[in-house]
Amino acid sequence: MGFDPNEPEQRRRLRAAMKAADISISALWLKYFGLSGDAGEYEVEAYLQGLLSLPASQRDLLALAANELIEDLPRPRAPYSDDFSRQPGGSPAGRSDTGQSSDTGQSSDTGQAEDASGRGDGNGRSFLPDAEHDSDGGAGPGTTTPGP
C-alpha cells in the first residue's frame, strides 16, 4: 500500500464533516461496517487521528458512511404557504405535527374530500389502480348495491 498524497486532505475533510454533523466515531464505524467496511473501530479511530493509513476503497466507504449519516439528520424544512393557515388546534391545516396529512378527509386548501385510507391526494385524484375505481356511479370496492 503506497502513500496517497490526497489521504491527509480526505481525512481532514471527513473529520470536519463529522464534527459539523456531530457524528461520533462509533456511529461512523457502525454505518461503515454495515456498508461492508473491513477496518475495525480502533483502526478507523487511528485513521481519523492520522496514525494509520487506509486503502482508498476503505476511505471512500468511510466517506459514504458519513454522508449517509449526514443525510439522515433532521433538518429544518422550508414552509409551504398552506403551513401558515392554522386550524384551531394550532397545527397547520391538513397537516399533523409530523408533516403528514391529517385524517380529516379534507384537503387543506381545496376543501375536496380525500379517501380516509389515504389513497387519494386530496385534490380529487386517486392512487388506486383503474380496476378498483367504481364504475357503477358511486359504489366503490367493498360496498354493496341494493338488489332488485
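Our structure's up above, just so we're on the same page.
All values derive from a computational prediction rather than experimental measurement.

### Considerations on the environment of phenylalanine 33
Stage number 1. Along the chain, phenylalanine 33 turns up in helix α2 (residues 25–34).
Stage number 2. The exposure class of phenylalanine 33 is partly exposed, given its relative accessible area of 48%.
Stage number 3. Linking phenylalanine 33 and alanine 65, residues 32 residues apart in sequence, is a C-alpha distance of 8.7 Å.

### Structural notes on the packing of helix α1 (residues 7–21) against helix α4 (residues 56–71)
Stage number 1. Where α1 contacts α4, the two axes come as close as 10 Å, and the packing angle between them is 20°. Taken together, the axis directions place α1 and α4 in an arrangement best described as roughly parallel. As for the relative orientation of α1 and α4, their crossing is left-handed in sense. Between α1 and α4, the contacting residues are Glu7, Gln10, Leu14, Ala17 and Ala21 on the first element and Arg59, Asp60, Leu62, Ala63, Ala66 and Ile70 on the second.
Stage number 2. Looking at the contact of α1 with α4 residue by residue, the class counts come to seven nonpolar, one polar and three charged.

### Description of the packing of aromatic side chains
Stage number 1. Here the structure, examined in full by the defined rule, presents one aromatic pair.
Stage number 2. An angle of 25° between the planes, with centres 5.0 Å apart, marks the rings of tryptophan 29 and phenylalanine 33 as stacked. Of this pair, tryptophan 29 and phenylalanine 33 both sit in helix α2, separated by four residues, roughly a single helical turn.
Stage number 3. Its relative accessible area of 19% is what places tryptophan 29 among the buried residues.

The rules behind the values
- Residues numbered from 1 in each chain as written.
- Predicted model: local features only at pLDDT ≥ 70, side-chain atom pairs only at ≥ 80, totals over all residues.
- Heavy atoms only, no water.
- Helix = DSSP H or I, 4+ residues; strand = E, 2+ residues; numbered from the N terminus.
- Buried < 20%, exposed > 50% of the residue type's maximum accessible area, 1.4 Å probe, protein only.
- Axes fitted to C-alpha atoms, helices over the stretch in contact; angles between N-to-C directions.
- Parallel < 35°, antiparallel > 145°, perpendicular 65-115°, else oblique.
- Left-handed = near helix turned anticlockwise from the far one by under 90°.
- Contact = heavy atoms within 4.5 Å.
- Nonpolar A, V, L, I, M, F, W, Y, C, P; charged D, E, K, R; others polar.
- Phe/Tyr/Trp six-rings, centres within 6.5 Å; stacked < 30°, edge-to-face > 60°.

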